[in-house]
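# Survey of secondary and tertiary structure
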Amino acid sequence: MSAPTLTRPAPAAAPSGAPVRGGRGGLAWFWVLAVAVPLAFLGLFFAWPVVAMISRGFVVDGSLDLSGFADVFSRPRTWRIVGLTILQATVATTIAVLLGIPGAYVLYRRRWRGRGLVRALVTVPFVLPTVVVGVAFRSLLVSGGPLGFLHLDGTLVAIVAALVFFDYAVVVRGVGGMWERLDPRAEQAARALGASPWRAVRTVTRPARTPPIASSASLVFLFCATAFGTVLILGGLQFGTIETEIWVQTTQFLDLRAAAVLSVVQLVIVGVALTLAGRARARRERALALSSAADAVRPLTLRRVPGTPPRDGHGLALAAAGVTALVVVLLCLPLVNLVVRSLRVGDGWGLDHYAALGTTGGGMTVSVWAATLTSLRTAVVATGLALVVGGLVALVVSRRPRQMAGRRAVAGLDALFMLPLGVSAVTVGFGFLLSMHEPLGLPIDLRTSGVLVPIAQAVVAVPLVVRTVLPVLRAIDPRLKQAAATLGASPGRVLRSVDLALATRSVGLAVGFAFAASLGEFGATSFLARPDDPTLPVLIFRLIGRPGPDSYGMALAASVVLAVLTAGIVAACERLRAPGSGGDW
Amino acid sequence: MPKKISVVTTTALVATLAAASLAACSSSDDPAAPAASGGTTSAAPGTVTLVTHDSFALSDGILDDFTAQTGITVKVVQQGDAGALVNQLVLTKDAPLGDATFGIDNTFASRAIDEGVVTSYTSTVPAAADAAQHSVGEGLTAIDYGDVCINVDHAWFTKKKLAEPTSLDDLTDAKYKDLLVVPNAVTSSPGFAFLLATIGAKGDDGWQAYWEALKKNGLKVADGWSDAYFTDFSGGGADGPRPIVLSYASSPPSTVPKDGGPATTGALLDTCFRQTEYAGVLAGAKNPAGAEKLIDFLLSDEVQADIPGSMYMYPVSRAVDIPADWKTYAPLATNPFAVDPAEIAANRSTWLADWSQTVIG
């Protein structure tokens, strides 16, 4: 990285600010690679398949035909699904953020017994296969079910509730990871100077919190806007979104023209959402005093600590704890329902379905345990890939170039790597089939090789890594780096001992997130042929679609396994997070 | 000191992950190695790739017997439901995903044939004569078939002392208001099969009125078959609220109580649409000879006898026995409704759009 023989000056292309000005050639090369490697990865495994698929819809007999736009937009249904997509995603994102902020506070800013368990628990919904969540939700809401009296089955409310169920963890983890490192002294100072708890939150805490909130909100919006199984199972086509319509047009009608037009519309909506989120972030983004979690996190007590003055924010903390407790109970309802149903054997109860997980009964090609191993193996590879690519992207995007063009380039790169979450899995999946037969002239049919599976998962996990690591990198006080440079550290050394050292703190969170996303991924990968070794979500999907109550029970039992596995891994990653010091210099 | 440890822990975590990725990369390359060269090994007589849908299944060891008999290894590639399968085959016909395909049904057969996805092959094994009874056109060989029918929960009707419906028309009777659930015709292939049953029964211009009557009578549309059967249906083991569901003629045997006694559900054989599944050699296959052998094998007694237990369909071959409880609880319809495959191919989009308009709104 700092090879002394290289004397090439920093190229203008390096999207860098101060660090590269030192003119160390090795460092310049590092930045070139840091931009080129992720771009090549995204270009090859995302942009190319998507372009291949969309161009199938616009190129007819070798010439460009854009008449599809006029045709698709003249259908009243198109406008309805565009409206429904924006409505569902906006409402669900708003609710997830409103509920997630108190959750982040209670789960990351306060310390209490059992916190680690609850943190892992709220992550479980994020990875459950949508078919399973559909079962868990619908059997609660169906008339005669435990919550049948609410009459929510097949309503927009049920869809929004399920979307919030999935994405609550995204907000809690995204906001909480940053919040727990925020130096509490500014807030304490404000309070000491006579500000009310609310005023302290408004003037000190909220501005600091806006970037991670905007960041999480944009993630949730993308997840909601591309939700597919949830919408179909809970609402059906009357609440169809752009995503479900692309699926129907592609897999059922083979109307590639309509699908291509809708893919472009989806890209536009996602692009607008990302731009808005980026603006909200950029307005507030600034260096923050980060401290160690140990300093920032206070214990949560139900009773006011004796001797503390009134109006110390105790009421706010209790309110947040109350909201969060309610949310956790609501999250548990479908999960408990799932466990209960997995224990149902015929007219009685038992562990039969769990015992069957080791077998290849019901005509499956592999046992659930074998699929679990496959899932773990691919998720490890995917997480490793996502960490490297996402880490590089976050590092590049965290620079603050002086020129306007440089800043734009950085912002553009940031948005670019979010796109995989906002583009239809069907478009990507079918695109893989079109583009990955002997890609780049290599004599390999990647489509059926299984190599693509972890890659496709990594493409989806990269944005999560970026969104987790980036806020931490951006919040690093530039004075810290200036101080290091003044003390004689080379730019490379500053990068290593300041940026990287601080960034590794959020690695545990990023690993957990990326791993969970890879484990649960059931989008593009479901279209990738995996000869004889399906991942767990794919196997669950196959099991649930097979006639026979035993397959169904096994699918539910396998989902419980997936949930427990996820919770365990996420909890382990949380434990591995480095509690080292941050801003106490 | 704790700081040091924590940094070390993080570094170790990253290093372990990186190492694990590498290890996993190389270990996943092992199974991938023959697969990665799948494009090339298919050319060797040693491997044949079968592209099929998610429901394809055979008992353990059957495909190994094929390898023992012929020396050919079978690689199974499963690509979503029947619709997704056919559409992917159409999209990739210039560089096919494999050599043989199984799972194209009579509702998609015309699209596959018209698009030139499969190439002509006529099997000469004994069961081929039985398969020819289901012929749909050049290039597709029938392997199995079954009926998609309305199922009723006997226990529910006995308890309510209500006579069970028997025909499509009964389902619009006010006696059976709010009792029927069917899967969505657009997103589920049994759902579409039932739409075809009503088109076969009521004609091209009569089915819309029938569905309007169903809707008025409290029809519930679920997303997929499993959703309808296991969540909404009262007889599917989960105590859902509705005692009438669209399912298969082969569903009742799985509702035979464990301690004996008759099945608690039954199929209404005057409400059925017949679904036939076909196999074919893919155009442009690298190993067409192997693909032909595999299709012959799918018609062998060994596979045909396994089909009811593993895929819940009837084998086309009359030479094999079907399970005893199928004879009792899963008889086939004598006169299922039928619609010409060419007509289905021509009208699929229009019908589904009309159906959505009428039923979903």
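Residues numbered from 1 in each chain as written. Chains lettered and ligands numbered in written order. Predicted model: local features only at pLDDT ≥ 70, side-chain atom pairs only at ≥ 80, totals over all residues.

## Section: the overall build of chain A
Cut-off, in case you're wondering: For the purposes of this entry, the term helix denotes a DSSP run of H or I that reaches at least four residues, the term strand denotes a run of E that reaches at least two, and both are numbered from the N terminus. Every C-beta atom is placed from the backbone, and the number of other C-beta atoms within 10 Å of a residue's own sets its class: buried at 20 or more, exposed at 12 or fewer, partly exposed in between. Our contact criterion uses C-beta atoms placed from the backbone: two residues qualify when those atoms are within 7 Å.
Along chain A, the regular secondary structure elements total 24 helices and six strands. Within the span of chain A, comprising 585 residues, buried residues form 57% of the whole. Taking as baseline every contact in chain A between residues at least 6 positions apart, the subset at least 24 positions apart corresponds to 80%.

## Brief notes about the domain arrangement of chain B
The parts lose accessible area when they come together, and the size of an interface is often stated as this lost area. Residues and elements named next belong to chain B. The condition that has to hold: Either an automatic procedure or a domain database provided the assignment from which the domain bounds are taken.
According to the domain assignment, chain B contains domain 1 (41-145 + 276-315) and domain 2 (147-274 + 332-360). Each of domain 1 and domain 2 has a C-alpha centre, and these two points are 29 Å apart. With 15 residues of domain 1 at the interface, the matching set in domain 2 holds twelve residues. Contributing elements (two or more residues each) for the side of domain 1 that touches domain 2: helix H4 (82-91) and helix H5 (109-114). By residue number, the principal contributor to the side of domain 1 that touches domain 2 is H5, which donates four residues.

## A look at the packing of helix H6 (residues 156-179) of chain A against helix H19 (residues 452-474) of chain A
Residue and element names in this part refer to chain A. Note the cut-off: Axis angles are defined between N-to-C directions and span 0 to 180 degrees, where every axis is a line fitted to C-alpha atoms and, for a helix, only to the segment in contact. Roughly parallel means an angle under 35 degrees; roughly antiparallel means over 145; roughly perpendicular covers 65 to 115; every other angle is labelled oblique. Handedness of a helix crossing follows the sense of rotation of the near helix relative to the far helix, less than a right angle counterclockwise being left-handed and clockwise being right-handed. Under the scheme applied, nonpolar residues are Ala, Val, Leu, Ile, Met, Phe, Trp, Tyr, Cys and Pro; charged residues are Asp, Glu, Lys and Arg; polar residues are all the others, including Gly.
It is at 10 Å that the axes of H6 and H19 come closest, and there the two elements cross at 25 degrees. By the angle between their directions, the pair H6 and H19 is classed as roughly parallel. Relative to H19, H6 is oriented so that their crossing is right-handed. Between H6, through Gly 174, Gly 177 and Met 178, and H19, the contact on the second element is made entirely by Arg 467, Thr 468, Pro 471 and Val 472. Counted by class, the contact of H6 with H19 contains three nonpolar, three polar and one charged residues.

## A few points about H4(B)
Here H4(B) lies mainly inside the structure; nine of its ten residues are buried. Within H4(B) the residues assigned to the buried category are Ala82(B), Gly83(B), Ala84(B), Leu85(B), Val86(B), Asn87(B), Gln88(B), Leu89(B) and Leu91(B). Against the buried residues of H4(B) lie helix H10 (242-252) and helix H18 (425-435) of chain A together with strand S1 (47-52), strand S3 (100-105), H5 and helix H8 (189-202) of chain B.

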